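# Close look at the chain arrangement
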Amino acid sequence: MPNMMRWRYGDTQPVIAAVDSGLQIEIGDLLWLDGDRAKPASALADQGTKVANQRLFADRFLGVAMQQSRAGDSRPIRVATTGVFEFDCTSGIFELGEWVGVEENAAGDALLDQCLVKVTDPSLAIGRVARRSGGQARRVLVDLRSTIMTGGIEGTTASSS
């Protein structure tokens, strides 16, 4: 997906993360931490099921890329670890406080770098809906929380599950 600034408001509590020079990262990519390197969601090895992929990603969720890293680049990038972002989503109705996790591709073998889906289990979630979306929303406003830097969203009060 092309570079897209998805941040809308709120403190981003940025960190500077090392990258894998063999991977491309676009602005707006959802990133996870693999050892000491930030990688896009699609670089997570397939765990066999969507739920297993979402759970592992949520466990290692670092944040949202605020800078691009082209393949071959080795310079660290800025990553937002909190804040409210607008992401593409699987269409549906999103209510305030509902959990969202990273979406999987149609083949079911990789996560998408810039797409979210509603989840009912907090262990799969990386954020909560920050604006109700009626009808068949194609984008969702979410309050994201890095698991690595802030402990994620588990343990916070849910308005729904």
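Scroll up to find the structure.
Since the model is a prediction, treat every value here as computed from it, not as a measurement.

### Section: unusual backbone geometry
A positive phi angle, close to 40°, is found at Gln13, a residue other than glycine. Inspection of the secondary structure assignment puts Gln13 in the loop between β1 (7-9) and β2 (15-17).

### Topic: the environment of Asp46
Along the chain, the position of Asp46 falls in the loop between β4 (37-40) and α1 (50-59). Take Asp46: its relative accessible area is 38%, and that puts it in the partly exposed class. Each C-alpha atom of the pair Asp46 and Gly92 lies 26 Å from the other, and the pair is 46 residues apart in sequence. Sequence-distant contacts of Asp46, defined by excluding residues within four places in its chain, comprise Asn53, Glu104, Gly108 and Asp109. Within the structure, Asp46 has its side chain in polar contact with the side chain of Asn53 (distance 3.0 Å).

### Some thoughts on α1
Because an α-helix packs 3.6 residues into every turn, residues spaced three or four apart end up facing the same way. Along α1, the residues that are buried comprise Asn53, Gln54, Leu56, Phe57 and Ala58. The elements touched by buried residues of α1 are β3 (30-34), β5 (61-65), β8 (99-104), β9 (111-118) and α2 (147-150).

### What to know about the pairing of strand β7 (residues 82-94)
Most of β7 sits out of view: 10 of its 13 residues are buried. In terms of strand pairing, β7 meets strand β11 (residues 133-145) through nine bridges, oriented antiparallel. Its bridge partner lying in β11, Thr82 is registered against Arg145. Strand direction decides the pairing type here: β7 and β9, joined by two bridges, are parallel. The partner of Asp88 across the bridge, within β9, is Cys115.

### Comments concerning the sheet that holds β4
Pairing is antiparallel across the open sheet formed by five strands, whose spatial order is β2-β6-β5-β3-β4. Edge positions in the open sheet fall to β2 and β4, since each of these has one partner strand only. Neighbour to neighbour, the strand axes of the sheet diverge by 50° on average, direction disregarded. Where β3 lies against β5, three bridges are found, and the strand directions are antiparallel. Within β5, the residue paired with Leu31 across the bridge is Gly63.

### Focus: the packing of aromatic side chains
Counting across every chain of the model gives two aromatic pairs. Each ring, one from Phe57 and one from Phe61, has its centre 5.7 Å from the other, and the planes form 40°; the classification is tilted. By relative accessible area, Phe57 is classed as buried at 0%. Over the aromatic face of Phe94 sits the side chain of Lys118, whose NZ or CZ is 5.4 Å from the ring centroid.

### Things to note about the pattern of salt bridges
Under the defined criterion, the tally for this structure stands at 13 salt bridges. With a shortest N-O distance of 3.1 Å, Asp121 and Arg55 are connected by a salt bridge. Highlighted residues: Asp121 in the loop between β9 and β10 (127-129) and Arg55 in helix α1, separated in sequence by 66 residues. A relative accessible area of 26% means that Asp121 is categorised as partly exposed. The shortest N-O distance in the salt bridge between Arg75 and Asp73 comes to 3.9 Å. Taking relative accessible area as the criterion, Arg75 reaches 58% and is therefore assigned exposed. The class of Asp73 is buried, set by a relative accessible area of 19%.

Reading the values: rules and limits
Residues numbered from 1 in each chain as written. Predicted model: local features only at pLDDT ≥ 70, side-chain atom pairs only at ≥ 80, totals over all residues. Heavy atoms only, no water. Helix = DSSP H or I, 4+ residues; strand = E, 2+ residues; numbered from the N terminus. Buried < 20%, exposed > 50% of the residue type's maximum accessible area, 1.4 Å probe, protein only. Contact = heavy atoms within 4.5 Å. Polar contact = N/O pair within 3.5 Å; in protein donor to acceptor, adjacent residues only side chain to side chain. Pairing = 2+ DSSP bridges. Axes fitted to C-alpha atoms, helices over the stretch in contact; angles between N-to-C directions. Phe/Tyr/Trp six-rings, centres within 6.5 Å; stacked < 30°, edge-to-face > 60°. Lys NZ or Arg CZ within 6 Å of the ring centre and 35° of its normal. Salt bridge = Lys/Arg side-chain N within 4 Å of Asp/Glu carboxyl O.

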